[in-house]
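# Architecture and fold: a report
One-letter residues, chain by chain:
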Amino acid sequence: MSNFQGHCHCGNTQWTANLEKDQQAHILCHCNTCKQLSGATYTLNQIIPIKNLNITKGGDSLGKYTYKGDSGKSVHCYYCKNCTTHVYHAQEALGPDNIVLRTGLLDQGIKEFKPAAEIFCKDRLPWEKEVASSFDVMPPS
Ligand SMILES: [Zn+2]
Ligand SMILES: [Zn+2]
């Protein structure tokens, strides 16, 4: 396990994430919700236990946006109210103990992590090149 630092665009929110070796990589999500929320073609993520995320600054003033995920269950997005950076997402489909962390917001993550897998490739834009093992939706569990 290693500790990684993250912060939002304005700096009001800061956090550290403890990641196992195999979590020190990006899962690229090509779903249409990620496209809309980020304004980009995919997002960089990792599913981690919520206990391994420590919001060291601004944790009590995060905004919350909730929508219904593909599973029909709610997804709660926690973001900095000042600059709108999404710190993490809590998907009810993953249970209460896990969250989706934005690995691209970790200082070291964006520089050093490699792509480990691509999900929701059914929505991948046709000009986007495959860079890791690709799954139409999610890997078989
Ligand atoms: Zn901010
Ligand atoms: Zn997505």
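Our structure's up above, just so we're on the same page.
Conventions adopted
Residues numbered from 1 in each chain as written. Chains lettered and ligands numbered in written order. Predicted model: local features only at pLDDT ≥ 70, side-chain atom pairs only at ≥ 80, totals over all residues. Helix = DSSP H or I, 4+ residues; strand = E, 2+ residues; numbered from the N terminus. Contact = placed C-beta atoms within 7 Å. Buried ≥ 20, exposed ≤ 12 C-beta atoms within 10 Å, placed from the backbone. Core = buried A, V, L, I, M, F, W, Y, C linked by C-beta atoms within 7 Å. Pairing = 2+ DSSP bridges. Axes fitted to C-alpha atoms, helices over the stretch in contact; angles between N-to-C directions.

## Examining the environment of Asn12
Take Asn12: it is sitting in the loop between β1 (2-7) and β2 (14-19). Along the primary structure Asn12 and Ile110 are separated by 98 residues, whereas in three dimensions their C-alpha atoms are 20 Å apart. With residues up to four places along the chain from it excluded, the contact list for Asn12 reads Gly58, Cys80 and Asn82.

## Concerning unusual backbone geometry
Even without glycine at this site, Thr84 takes up a positive phi of about 75 degrees. Note on placement: Thr84 falls in the loop between β7 (74-80) and β8 (86-91). Taking the C-beta count within 10 Å as the criterion, Thr84 has 13 such neighbours and is therefore assigned partly exposed. Within the chain, Phe120 stands out as a residue other than glycine whose phi angle is a positive 55 degrees. In this fold, Phe120 is placed in the loop between β10 (115-119) and β11 (133-134).

## Some points on the nonpolar core
Membership of the largest hydrophobic core comes to 14 residues, with the highest contact counts inside it found for Ala17, Ile48, Val87, Tyr88, Ile99 and Leu101. Elements that contribute at least two residues to this core include exactly β2, β8 and β9 (98-102). For Ile99, the contacting residues outside a window of four places in its chain are Ile48, Ile50, Leu53, Tyr88, His89 and Ala90.

## Structural notes on the environment of Ile50
When you line up the elements, Ile50 lands in the loop between β4 (43-49) and β5 (53-57). For the pair Ile50 and Asn98, spaced 48 residues apart in the sequence, the C-alpha separation amounts to 5.0 Å. The contact partners of Ile50, leaving out residues within four places of it in the chain, are Asp97, Asn98 and Ile99.

## Structural notes on the sheet that holds β2
Read across the sheet, 3 strands follow the order β1-β2-β5 without closing on themselves; strand pairing throughout is antiparallel. Here the strands that pair on one side only, and so sit at the sheet edges, are β1 and β5. Across the sheet, the axes of successive neighbouring strands diverge by a mean angle of 25 degrees, strand direction being ignored. The sheet contact formed by β2 and β5 spans 4 bridges and is antiparallel. Across the sheet, the residue bridging to Ala17 is Leu53, located in β5.

## Let's talk about the sheet that holds β8
Read across the sheet, 8 strands follow the order β6-β7-β8-β9-β4-β3-β10-β11 without closing on themselves; strand pairing throughout is mixed. Among the strands making up the open sheet, the edge pair consists of β6 (62-68) and β11. Bridge count between strand β3 (residues 26-29) and β4: 3 bridges; the pairing is antiparallel. Each residue of the ladder has a partner; that of Leu28, found in β4, is Leu44.

## Some points on the pairing of β6
Among the 7 residues that make up β6, 0 are buried, leaving the element largely open to the surroundings. In this structure, β6 lies alongside β7, joined through 7 bridges in antiparallel fashion. Bridge pairing in β7 places Lys64 opposite Tyr78. Turn length for the β6-β7 hairpin, with the two strands adjacent in sequence and antiparallel, is 5 residues, and the turn residue Gly72 shows positive phi of about 90 degrees.

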